[in-house]
Amino acid sequence: IRHKKLIARGAALVIFSYILNSYFQNPINYGLYYAYAIASFILIFCIALYFIDQHNQNKKILQPYNLVFWVSLGLFILHIFSPTLLIIGYYDPDNWHNLNLQTFHHLVIILMNLLFIIGFIKARKRSFG
């Protein structure tokens with residue numbers, strides 16, 4: 001709640017970046033990688049705010065029975081790597097294929113989904129209150 005204005009400004013920045021990126025690149029033909037990178041940065045910032053808030057409430061960072069922890073961890077891991085990998089793939093497709101970055105990107109996506117699954121399996125209702 002304390003960071004509501006920061007998150008709202010971040011969301012506005014993401015919407016503006018998608019509109020601006022759509023102006024310069026046709027989203028039907030090209031991915032909006034710059035806007036995606038900005039959105040990833042804002043999402044990482046929001047996840048960091050969540051973890052900081054948990055720390056300030058004297059809660060452990062590692063909360064194995066809290067679904068929000070697992071979802072945040074999965075999204076954090078994906079969005080640390082994904083924008084950089086996609087921009088490399090867009091501007092340097094030769095290195096994208098030579099370094100098997102597509103495979104690495106797929107592995108990061110699988111890891112994110114595994115963290116989601118672990119969270120759904122381990123989550124308990126009392127962890128949300």
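That block above? That's the structure.
Residues numbered from 1 in each chain as written. Predicted model: local features only at pLDDT ≥ 70, side-chain atom pairs only at ≥ 80, totals over all residues. Heavy atoms only, no water.

Peer 1: Any details on the nonpolar core? Residues and values, ideally.
Peer 2: In terms of nonpolar packing, the biggest core is built from six residues, these being Ile47, Tyr50, Phe51, Phe69, Trp70 and Leu115. Among the secondary structure elements, those contributing two or more residues to this core are helix 2 (33-56) and helix 3 (67-91). The greatest single-element share of this core, amounting to three residues, is contributed by helix 2. Not counting chain neighbours up to four residues away, the residues in contact with Ile47 comprise Ser72, Leu75 and Phe76. (Core = buried A, V, L, I, M, F, W, Y, C linked by side-chain atoms within 4.5 Å. Buried < 20%, exposed > 50% of the residue type's maximum accessible area, 1.4 Å probe, protein only. Helix = DSSP H or I, 4+ residues; strand = E, 2+ residues; numbered from the N terminus. Contact = heavy atoms within 4.5 Å.)

Peer 1: Account for helix 2, naming residues and giving values.
Peer 2: Helix length check: helix 2 (24 residues) gives 34 Å between terminal C-alpha atoms against 34 Å at 1.5 Å per residue, within 8%. Ala35, Ala39, Ser40, Ile42, Ile44, Ile47, Leu49, Tyr50, Phe51 and Gln54 are the residues of helix 2 that are buried. Just beyond helix 2, the residue with positive phi is Asn58, at close to 60 degrees. (Expected span 1.5 Å × (residues − 1).)

Peer 1: Outline helix 1 (residues 4-24), listing residues and values.
Peer 2: Helix length check: helix 1 (21 residues) gives 31 Å between terminal C-alpha atoms against 30 Å at 1.5 Å per residue, within 8%. Those residues of helix 1 lying buried are Gly10, Val14, Ser17 and Asn21. Along the long axis of helix 1, the arc covered by the buried residues comes to 65 degrees, so they all point the same way. Relative to its buried face, helix 1 has exposed residues pointing more than 90 degrees away, namely Lys4, Lys5, Arg9, Ile15, Phe16, Ile19 and Tyr23. Tucked inside the fold, the buried residues of helix 1 contact helix 2. (Arc of directions from axis to C-beta.)

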